[in-house]
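Next come the chains, spelled out residue by residue.
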Amino acid sequence: MGVIQRYREYLPIAESTPVVSLGEGSTPLVFCPRLSTRVGRTVFVKNEGVNPTGSFKDRGMTVAVSKAMEHRARALICASTGNTSASAAAYAAHAGISCVVILPAGKIATGKLLQAFAYGAKIVAIDGNFDDALRLVRELGKGGDFDIVNSINPDRIAGQKTAAFETVDDLGDAADFHLLPVGNAGNITAYWAGYREYQACGRSTKLPVMIGFQAVGAAPIFYNRIVEKPETVASAIRIGNPASWKQARSAVIESHGAIDVVNDEEILAAQMWLARHEGIFVEPASAASVAGLFKCCDSKEAAYSVQKIPEESRIVCTVTGHGLKDPEVITAQMKKLKSVPATVNDVRRAVGL
Ligand code: F0G
């Protein structure tokens, strides 16, 4: 069941809206025993990497593309650090509409570029970063030839709210603390809107503290200034001028949360830790939420210390995209596999028995 079918009453969907769905959403909220022990609190991971195109973008895309079809859009367009383009391309293909994706040249993880190509999007690589790409998309969207499916389109945010709904439905109430990576800041905006809406409808009794994490080299909200040349290994959140900057600030202020930063080393260490200790393999940007949680535990500089988190709290970390999308860093760490003769003895020796 896709998110429109599951949460139709909360979404801007009419009887006449043609529903374009790939069965997104209903992703697992995984209780993580080793992560909980490490942190000393109950921790769940909301694994958005298992959506149809491997990222949380599909939740917003099903709504945005359905609405685009409703008002007979001619073509879709988006700027992307990779995941939005993969998702837009897939939903466009499913709807039978064309899709243009504007990408920063050389800055898109292999798996994501490959997806956009496989789903048949028209790919335009620009000499510029994501912020330049989004500026171009805003301009091109004015002409009426394209429907923009970036998160500046409110239908995207509406769809992404459903991740907060699911979290509440699974936990029986809101999380006490919700941690997530922040790039263009649409997702933190959407979660906060979803949590508030669900509470207003009586589906939950409380609201979580929202804590967002940016990469040190791409942390405009944290530093409160535009970053002209954002840099981080977490290419998905390499963004210097987030579109939903103000909304992210409001979410953090209203929820008494924080925006903090994690460095590339912390991001990659958290990515590996989560894969090896919990069996959840995510892309680097996604690991920012877990790296952030570790920072809350370990660092005096953390914007929000774990000491401020009551022991009985339930913490949710959203991980946003699948690890297979961005294999470069881990591939570089792998040694070349040498084969052994096909005998039981050789295999026993190879595994150290
Ligand atoms: N994690 C991943 C894997 C992402 O792809 C993104 C954003 C984020 C986190 C941050 O979410 O932008 O809502 O704050 N990716 C966009 C894209 C920018 O083009 O795919 P945000």
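Bear in mind that the values here come from a model prediction, so they are computed numbers and not experimental data. (Residues numbered from 1 in each chain as written. Predicted model: local features only at pLDDT ≥ 70, side-chain atom pairs only at ≥ 80, totals over all residues. Heavy atoms only, no water.)

A look at the pairing of strand 2 (residues 42-47)
Then step 1. Across the six residues that make up strand 2, a large majority, five, are buried.
Then step 2. Looking at chain direction, strand 1 (residues 29-31) and strand 2 are connected through three bridges and run antiparallel. The partner of L29 across the bridge, within strand 2, is K46.
Then step 3. Direction of pairing for strand 2 relative to strand 10 (residues 314-319): parallel, over a ladder of six bridges. Counted as the bridge partner of F44 is V316 from strand 10. (Buried < 20%, exposed > 50% of the residue type's maximum accessible area, 1.4 Å probe, protein only. Helix = DSSP H or I, 4+ residues; strand = E, 2+ residues; numbered from the N terminus. Pairing = 2+ DSSP bridges.)

Some remarks on empty space enclosed by the protein
Then step 1. Under the counting rule described, the total for this entry stands at one cavity of 30 Å³ or more.
Then step 2. Considered as a void within the structure, the largest cavity measures approximately 310 Å³ in volume.
Then step 3. Around the largest cavity, the lining is made up of 25 residues, and of these F56, K57, G183, N184 and A236 lie nearest the centre.
Then step 4. Counting residues per element, the ones that place at least two in the lining of the largest cavity are helix 4 (83-95), helix 7 (154-160) and helix 9 (186-200).
Then step 5. Broken down by element, the residue count for the lining of the largest cavity peaks at three residues, all from helix 9.
Then step 6. Partitioning the lining of the largest cavity into residue classes produces eleven nonpolar, twelve polar and two charged. (1 Å grid on protein atoms, 1.4 Å probe; cavity = no way out; pocket = protein on both sides within 12 Å on 5 of 7 lines; lining within 4 Å. Points joined across faces, edges and corners; volume = space filled by probe spheres on them. Nonpolar A, V, L, I, M, F, W, Y, C, P; charged D, E, K, R; others polar.)

What to know about the site of the ligand
Then step 1. In the vicinity of the ligand lie 20 residues, with S80, N184, A185, N187 and T320 positioned nearest.
Then step 2. For the ligand, an oxygen atom lies 2.7 Å from a polar atom in the side chain of S80.
Then step 3. Contact distances for the ligand include 2.8 Å between an oxygen atom and a backbone N or O atom of T81.
Then step 4. In isolation the ligand has 470 Å² of accessible area, and contact with the protein removes 98% of it.
Then step 5. Placement of the ligand is best described as lying within the largest cavity.
Then step 6. Of all elements in the fold, only helix 4, helix 9 and helix 13 (284-298) reach the threshold of two or more residues within the shell around the ligand. (Near = heavy atom within 4 Å. Polar contact = N/O pair within 3.5 Å; in protein donor to acceptor, adjacent residues only side chain to side chain. Areas by Shrake-Rupley, 256 points an atom, 1.4 Å probe, with all protein chains shown as cover. Sits in = over half its atoms within 2 Å of the grid points.)

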